[in-house]
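Listed below are the residues making up each chain.
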2 protein chains.
Amino acid sequence: MEEEPHIMSDDLMTIRQMCDAFDVTPRTLRFYEARELIFPQRRGQHRLYDRRDRARLKLILRGKRFGFSLEQIRQLLELYQPGGANGSQIAATIAIARERLDDMERQHAELQVAIADLKNQLSDAERRLAAASLEQPTG
Amino acid sequence: MEEEPHIMSDDLMTIRQMCDAFDVTPRTLRFYEARELIFPQRRGQHRLYDRRDRARLKLILRGKRFGFSLEQIRQLLELYQPGGANGSQIAATIAIARERLDDMERQHAELQVAIADLKNQLSDAERRLAAASLEQPTG
DNA sequence: GCGCAGGTTGACGCGAACGTAAGCGAGACG
DNA sequence: CGTCTCGCTTACGTTCGCGTCAACCTGCGC
């Protein structure tokens, strides 16, 4: 008698299933929850993660790979949750998102340079390696 | 009588000049030195940074922006310092550099996706904002 | 009932990358 | 001469992102 058709019983996952699916630890998921980045529902004591939680987690992990702090990510996530936010809320979120977007575009451009640079250094090093192996042929 | 023509008296900079030039603190420079990422010469007690030190610092700060650890960066820097390394040393450095390069290329590709994604979310949010300002015209 | 696996809540610990404060030269300046 | 500014070292403090450990609940299989 507790089967409320909330909105849609998204296929729910336990914390362990989440950990296996995303290669994180339970500690990490609870930590993100404490920092208010995800909000799994509770069946009694246990956490249950739905489709939205998974989408959020995916974005969190992505953001981390780009070097964003959890707080920055938290702010960005509001953009992905069209919750009943008012105009100024939306505007604020948009402003933050624009900053992040700028960061990402700068990083994208700089990465391109750095990659080219590193490739050059690599081929130089490979030439040195070839030269070294000629001088001292591997016994 | 202490003017030894070391190799080339690259225009030397004090720690403060470096800090101003690169927007870091003295603490940071000394920390990088302790971690063996830069090796400024000493005039008496004072540190003096030459062109190479500046090039290294530039790479360090770049690497940091991509989220690399100081240790990873330290290893990469060997690639940029054709010091008298032997064959296996060079080979090891090359291997490490290849891994970093892979990281960077993955990140570059993923960034492209994330940027497109974020742009979409942004335009969605902007539409919501427009809609909200129609429903509740700013009094 | 009993143990056990799986989950939960604190609380403390830890490594990375510095910040910060204390105290000590050493040269420049009035 | 005093004192100011730079810089140096030593050492403890801090923030972030979790790891780790203890202690507890809780359904389940026997």
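Here the structure is shown first, and the text comes after it.
My aim in this report is to walk through the structure given alongside it, one point at a time. (Residues numbered from 1 in each chain as written. Chains lettered and ligands numbered in written order. Predicted model: local features only at pLDDT ≥ 70, side-chain atom pairs only at ≥ 80, totals over all residues. Heavy atoms only, no water.)

## As for the environment of Y80(B)
Note on placement: Y80(B) falls in helix α4 (residues 70-80). The class of Y80(B) is buried, set by a relative accessible area of 18%. Residues Y80(B) and A55(B), 25 residues apart in the sequence, show an inter-C-alpha distance of 9.2 Å. Excluding residues that lie within four positions of it along the chain, Y80(B) makes contacts with D117(A), L118(A), Q121(A) and L59(B). Within the structure, Y80(B) has its side chain in polar contact with the side chain of D117(A) (distance 3.3 Å). (Helix = DSSP H or I, 4+ residues; strand = E, 2+ residues; numbered from the N terminus. Buried < 20%, exposed > 50% of the residue type's maximum accessible area, 1.4 Å probe, protein only. Contact = heavy atoms within 4.5 Å. Polar contact = N/O pair within 3.5 Å; in protein donor to acceptor, adjacent residues only side chain to side chain.)

## Things to note about the protein's contact with DNA strand C
Around DNA strand C sit 18 residues in total, of which R42(A), R47(A), T25(B), Y32(B) and K64(B) are the nearest. In DNA strand C, the atoms that sit within 4 Å of the protein are 69% sugar and phosphate, with bases accounting for the remainder. Elements with a minimum of two residues in the surface near DNA strand C: α1 (15-22), α2 (26-34) and β2 (46-48) of chain A together with α2 (26-34) of chain B. Sort the elements by how many residues they give to the surface near DNA strand C and α2(B) lands first, with four residues. (Near = heavy atom within 4 Å.)

## Focus: the interface of chain B and chain A
The interface of chain B with chain A comprises 35 residues on the first partner and 35 residues on the second. Carbon and sulfur atoms make up 69% of the area that chain B and chain A hide from each other, which totals about 3700 Å². The three residues of chain B that bury the most area against chain A are H108(B), L111(B) and L118(B), which together make up 15% of that side's buried surface. Across the chain B-chain A interface, the total number found is eight salt bridges. In this structure, the salt-bridge partner of K119(B) is E105(A), at a minimum N-O distance of 3.4 Å. The interface formed by chain B and chain A holds 13 residue pairs in polar contact (both at pLDDT 80 or more) in total. Of all the secondary structure elements, the ones that give two or more residues to the side of chain B that touches chain A are α3 (51-65), α4 and α5 (87-135) of chain B. (Buried area = accessible area lost by both parts, 1.4 Å probe. Salt bridge = Lys/Arg side-chain N within 4 Å of Asp/Glu carboxyl O.)

## What about helix α1 (residues 15-22) of chain B?
Residue and element names in this part refer to chain B. Residues of α1 that are buried: I15, M18, C19 and F22. With its buried residues spanning 100 degrees around the axis, α1 presents them on a single face. Every exposed residue of α1 that faces more than 90 degrees away from the buried side is listed here: D20 and A21. Capping the start of α1, T14 holds a side-chain oxygen 3.2 Å from the backbone nitrogen of R16, two or three residues further along. Where α1 ends, the next residue or the one after it, D23, has phi of about 55 degrees, a positive value. (Arc of directions from axis to C-beta.)

## What to know about the side chain of Q81(A)
Residue and element names in this part refer to chain A. Position of Q81 relative to the elements: it lies in the loop between α4 (70-80) and α5 (87-135). Note on Q81: relative accessible area 17%, which makes it buried. For Q81, the contacting residues outside a window of four places in its chain are R52 and R56.

## Brief notes about the protein's contact with DNA strand D
In the vicinity of DNA strand D there are 18 residues, among which T25(A), R27(A), Y32(A), K64(A) and R47(B) approach most closely. The separation between a phosphate oxygen of DNA strand D and a polar side-chain atom of T14(B) is 3.3 Å. Broken down by secondary-structure element, the contributors of at least two residues to the surface near DNA strand D are α2 of chain A together with α1, α2 and β2 (46-48) of chain B. Looking at the surface near DNA strand D residue by residue, the classes come out as four nonpolar, six polar and eight charged. (Nonpolar A, V, L, I, M, F, W, Y, C, P; charged D, E, K, R; others polar.)

## Looking at the pattern of salt bridges
Residues and elements named next belong to chain A. Enumeration according to the criterion identifies 26 salt bridges over all chains in this entry. Of the charged contacts, one joins D103 and R106 as a salt bridge, the two residues approaching to 3.0 Å between their closest N and O atoms. Of the two residues, D103 and R106 are both situated in helix α5; the distance of three residues between them amounts to about one turn of the helix. By relative accessible area, which is 53% here, R106 ends up exposed. Bridged by salt links that share partners, the residues E33, R42 and R47 form one connected network.

## Things to note about the nonpolar core
Judged by nonpolar contacts, the single largest core of 67 residues is most densely connected at L29(A), I60(A), L29(B) and I60(B). Each of two domains, domain 1 (1-81) and domain 2 (99-139) of chain B, supplies a minimum of three residues to this core. Excluding residues that lie within four positions of it along the chain, I60(A) makes contacts with Y32(A), L37(A), I38(A), L70(A), I73(A) and L77(A). (Core = buried A, V, L, I, M, F, W, Y, C linked by side-chain atoms within 4.5 Å. Domains from an automatic or database assignment.)

## Observations concerning the packing of aromatic side chains
Throughout the structure, instances matching the rule amount to two aromatic pairs over all chains. Ring geometry for F31(A) versus Y32(A): centroids 6.5 Å apart, planes at 55 degrees, classification tilted. The exposure class assigned to F31(A) is partly exposed, which follows from its relative accessible area of 28%. According to the relative accessible area criterion, Y32(A) is buried, its value standing at 4%. When the ring centre of F68(B) is taken as reference, the NZ or CZ atom of R100(B) above it lies at 5.6 Å. (Phe/Tyr/Trp six-rings, centres within 6.5 Å; stacked < 30°, edge-to-face > 60°. Lys NZ or Arg CZ within 6 Å of the ring centre and 35° of its normal.)

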